[in-house]
Structure formats: C-alpha cells, structure tokens
Amino acid sequence: HIQDPASQRLTWNKPPKSVLVIKKIRDASLLQPFKELCVYLTEENNMIVYVEKKVLEDPAIANDENFGPVKKKFCTFREDYDDISNQIDFIICLGGDGTLLYASSLFQGSVPPVMAFHLGSLGFLTPFNFENFQSQVTQVIEGNAALVLRSRLKVKVVKEHREKMTVQNGIEENGVVSANLEKEVGKQIMQYQVLNEVVVDRGPSSYLSNVDVFLNGHLITTVQGDGVIVSTPTGSTAYAAAAGASMIHPNVPAIMITPICPHSLSFRPIVVPAGVELKIMLSPDARNTAWVSFDGRKRQEICHGDSISITTSCYPLPSICFRDPVSDWFESLAECLHWNVRKKQNNFVEEEE
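Sequence order as written defines the numbering, with residues in each chain counted from 1. Residue-level local features of this predicted model are given only where pLDDT is at least 70; pairs of side-chain atoms are given and counted only at 80 or more, and the full residue set underlies all totals for whole chains, interfaces and linings. Hydrogens and water molecules were not included; the side-chain quantities draw on all heavy atoms of the structure.

1. Let's talk about the nonpolar core
As a rule of thumb, soluble globular proteins bury nonpolar side chains together.
1) Next: Definition of nonpolar core: a set of buried residues of the types Ala, Val, Leu, Ile, Met, Phe, Trp, Tyr and Cys, connected through side-chain atoms within 4.5 Å. Three exposure classes are used, based on accessible area relative to the maximum for each residue type with a 1.4 Å probe and protein chains only: buried under 20%, partly exposed in between, and exposed over 50%. With 32 residues, the main nonpolar core has Phe34, Leu37, Leu41, Phe74, Ile92, Phe117 and Val137 as its most contacted residues.
2) Next: Looking at this core, the elements that each hand over two or more residues are β1 (18–23), α1 (31–44), β2 (48–52), α2 (53–56), β4 (90–95), β5 (114–118) and α6 (133–141).
3) Next: With six residues, α1 is the single largest residue contributor to this core.
4) Next: Contact definition: two residues touch when any of their heavy atoms are within 4.5 Å. Among all residues touching Val137, those that are not within four sequence positions of it are Leu37, Tyr40, Leu41, Ile92, Met115 and Phe117.
5) Next: Among the nonpolar cores identified, the runner-up in size contains 29 residues, and Val194, Val211, Ala290 and Ile302 belong to it. For helices the rule is a DSSP run of H or I covering at least 4 residues; for strands it is a run of E covering at least 2, with both sets numbered from the N terminus onward.

Below, the structure is given as structure tokens:
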C-alpha cells in the first residue's frame, strides 16, 4: 500500500498550551499583525506565548503602552543561549520563507508543527494568508489540518584542528629550519540540521572549486566549477532550481546533488535515495580551499583534510498545510515561480465552406 501524500493529518494527544511566535526582524509592516496575533493567542485562547528577546527590543513594540499588559505575559528566549525545544507545542511564523528556515535552525532535534503566514517577499513555504488568521489558528489548535513532513539533512562537519607552532629563530631543536610548522591537535566536529540545502562553493577564490563527492564511501564524481548544492526536496525550489535542478515534491524521499556552473557539458543534476550518506571533501590536488553554508547561515571555510557528511535526518519539519500537500505545492509553483506560464496557443479557425 502506497501512502497518499495528502493523508497526513495534525493530531494532538492533548490540547496545545504553548506557541512560539517567530517574526521577521526589522520589518515595520509586521508589527500590527504580530500584535493582533499575540493578543488573540493570549486573551482568546489563553496560550503561553514564547517570543525571541530581540523581537521585543524593537522600539515600536517596547514603547507601545497598549501592548504592555500582553507583553508581560510573554516567555522570552535568546538564540544559541536558551533551549526551548521541549517547551513548545507548535510554531507560528510571520514573514517570508526565511522565518521557516530560522524556525528549523532553532530545533536541532524534534520540531513542533509549524504554521507559516505569507507576509514576506516570496512565500513559497508560507501558505497561509493573515486576513483570516483567527479561524485558521483555531483550526490548528483544534487539530483540524493537513501536514507535510519536510525532510531535513543531518550534516556533520569534521575539521582537522591545526595550530601553528612558533619556533625560536625559525630553527627546531634538531636544527631543521621550519618557518610555518603546523601541528595537528585533534578534530573539531560540528553538527547541523538543514531544511533547504548545504552549499559548497569556491568562496572568494578566482579558481574553480575542486571537491570530491562520495556516496556510501564510494567516490562518485569530482565537482569542478563554482561548487555543488546538496538539497532536500523542500530546497529543490530554492537555490537548486536556480542552478537548473528539477523541482521535487516535499513528500518524495530523496537527496538532490546539483552542480553550480560545472565546467563540463555533461554534468547534470542527480537525485539519490534518502537513505544514503554523502561525503564531500576537497580534492587532494585542489588549488584552493572551499566554503560551506547551511541554509545560508554558519558559513565557514573547508580546508584539505576536512570533511562534510550529509544524510537524511530522522527529525523532519512538520509543516501545516493550507489545503493539502499537493494543492499547496502546485499553487506555490504557479503563484511564486510562475511555473509553466505562457500565452496560450490560438486554436484553428474553421473556414466557411
């Protein structure tokens, strides 16, 4: 039996009590929707509302006396300092697609269901319109909504941690001249959960990037070009689409490998099963280092000996649908990316006999 992708539904074991509201920072147009939503959640639904501390530091919110009583009820947190992963029942995003990516980055394990309102510039991942937010939020609280489980990538970056030794007079004890001696002092390991894509690129270098891609330990190709994108189906409509990849529905279990401006006419984007492990390293004869970023954040340099391991995470992001996973996705393709929009071909006019 193949599961119908539209059959996934949001169900609560017990009524939700706490909600995280994520608002796009430095956007004055979102202040009024943010206030209306918070008043509705706290006063009408008696919810515990979590808000990031820097959101409340906005002068327009801090100096609003009418909003003061509501603001006192908020629970605040700071990114990278406070762990709220076990305190949130669901998330509401106000802004563009970036707010959903930011919500994903806050939860490195299990992610609560996310309801995203389209108040940004693109809105491919944000299906809800804010005009009727009361009835839509009520439906979610009652558990009457469809879900799409957006797979994420689990990424492990292993860096060879080296430090330069200072050698007095440039001469070691054995008399060998050594100006820039490096000593390996262990490995540095970092892990990330990624919703859209991992991008490895050539950074500021004028040379082609030269990175090796391994699949389950086997070298499958070397990328020579501007870089490579490893993306989820959700990320297939982001940077990967701009680089010429196919667009894949988020319910398809897959990982996409898309070269960025490859110096080869035959290097086409490929799709691999979700269960594989990819590994990306600088080629031994690469002229320069590479740079890596995760959903456009945490950008860092990759040197010889460093590695990036990528596999499908066991913690997807449950995204609440406006209608259902199929309708929402095709409407986003049509409205945001203007997919297959062209002037229709005229029909033949039958000539009179």
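2. Points about the confidence of the model for the protein chain
1) Next: The predictor's confidence in any single residue is recorded as pLDDT, a number from 0 to 100. Confidence in the prediction of the protein chain, expressed as mean pLDDT, is 89, and 91% of residues score 70 or more.
2) Next: Considering only residues more than four positions removed or in separate chains, one finds that residues 165–184, a stretch of pLDDT under 50, has 22 contacts.

3. Examining the pairing of strand β9 (residues 197–201)
The side chains of a regular strand alternate between the sheet's two faces.
1) Next: With five of its five residues buried, β9 lies for the most part within the structure.
2) Next: Here β9 shows a buried face lined by Glu197, Val199 and Asp201 and a second buried face lined by Val198 and Val200.
3) Next: At least two DSSP bridges between two strands are needed for those strands to be called paired. Relative to strand β16 (residues 290–294), β9 runs antiparallel, the two sharing four bridges. Counted as the bridge partner of Val199 is Ser293 from β16.

4. Side note on the domain arrangement of the protein chain
1) Next: We note that the domain assignment places domain 1 (9–151 + 316–337) and domain 2 (153–161 + 185–312) within the protein chain.
2) Next: The straight-line distance from the C-alpha centre of domain 1 to that of domain 2 is 30 Å.
3) Next: In this assembly, 21 residues from domain 1 lie in contact with 18 residues from domain 2.
4) Next: The buried area of a pairing is the accessible area, by a 1.4 Å probe, that goes missing from both parts when the two are put together, added over both. Both faces combined, the contact of domain 1 with domain 2 buries some 1,600 Å², and carbon together with sulfur accounts for 57% of it.
5) Next: When the area that domain 1 buries against domain 2 is broken down by residue, the three leading residues are Leu101, Ser151 and Trp329, summing to 37%. All the domain ranges listed were derived from an automatic or database domain assignment.

5. Thoughts on the pattern of salt bridges
1) Next: What counts as a salt bridge is simple: a side-chain nitrogen of Lys or Arg found within 4 Å of a carboxyl oxygen of Asp or Glu. With the rule as written, the count across this model stands at eight salt bridges.
2) Next: The salt bridge involving Asp64 is made with Lys35; its shortest N-O contact spans 2.6 Å. Note that Asp64 is positioned in the loop between α3 (59–62) and α4 (68–71) and Lys35 in helix α1, a separation of 29 residues in sequence.
3) Next: Judged by its relative accessible area of 14%, Lys35 is buried.
4) Next: Here Glu79 makes a salt bridge to Arg297, at a shortest N to O gap of 3.0 Å. Residue Glu79 is located in the loop between β3 (75–77) and β4, and its partner Arg297 is located in strand β17 (residues 297–302); the two are separated by 218 residues in the primary sequence.
5) Next: Classification of Glu79 as buried rests on a relative accessible area of 18%.

6. Some words on the pairing of strand β12 (residues 227–231)
1) Next: Across the five residues of β12, five count as buried, placing the element largely inside the fold.
2) Next: Along β12, one buried face is formed by Gly227, Ile229 and Ser231 and the opposite face, lined by Val228 and Val230, is buried too.
3) Next: The pairing of β9 with β12 spans five bridges and is antiparallel. Residue pairing for β12: Asp201 is matched across the bridge by Gly227.

7. Considering the environment of Pro316
1) Next: Checked against the element boundaries, Pro316 lands in the loop between β18 (307–312) and β19 (317–320).
2) Next: With sequence-adjacent residues up to four places away left out, Pro316 is seen in contact with Val111, Leu149, Arg150, Ser151 and Arg152.

8. Let's talk about unusual backbone geometry
One can expect most non-glycine residues to show negative phi and most peptide bonds to be in trans.
1) Next: Not every positive phi belongs to a glycine, and Cys261 is a case in point at roughly 45 degrees.
2) Next: Its identity as a non-glycine residue notwithstanding, Asp295 has a phi of 50 degrees, on the positive side.
3) Next: With respect to the helices, strands and loops of the structure, Asp295 is situated in the loop between β16 and β17.

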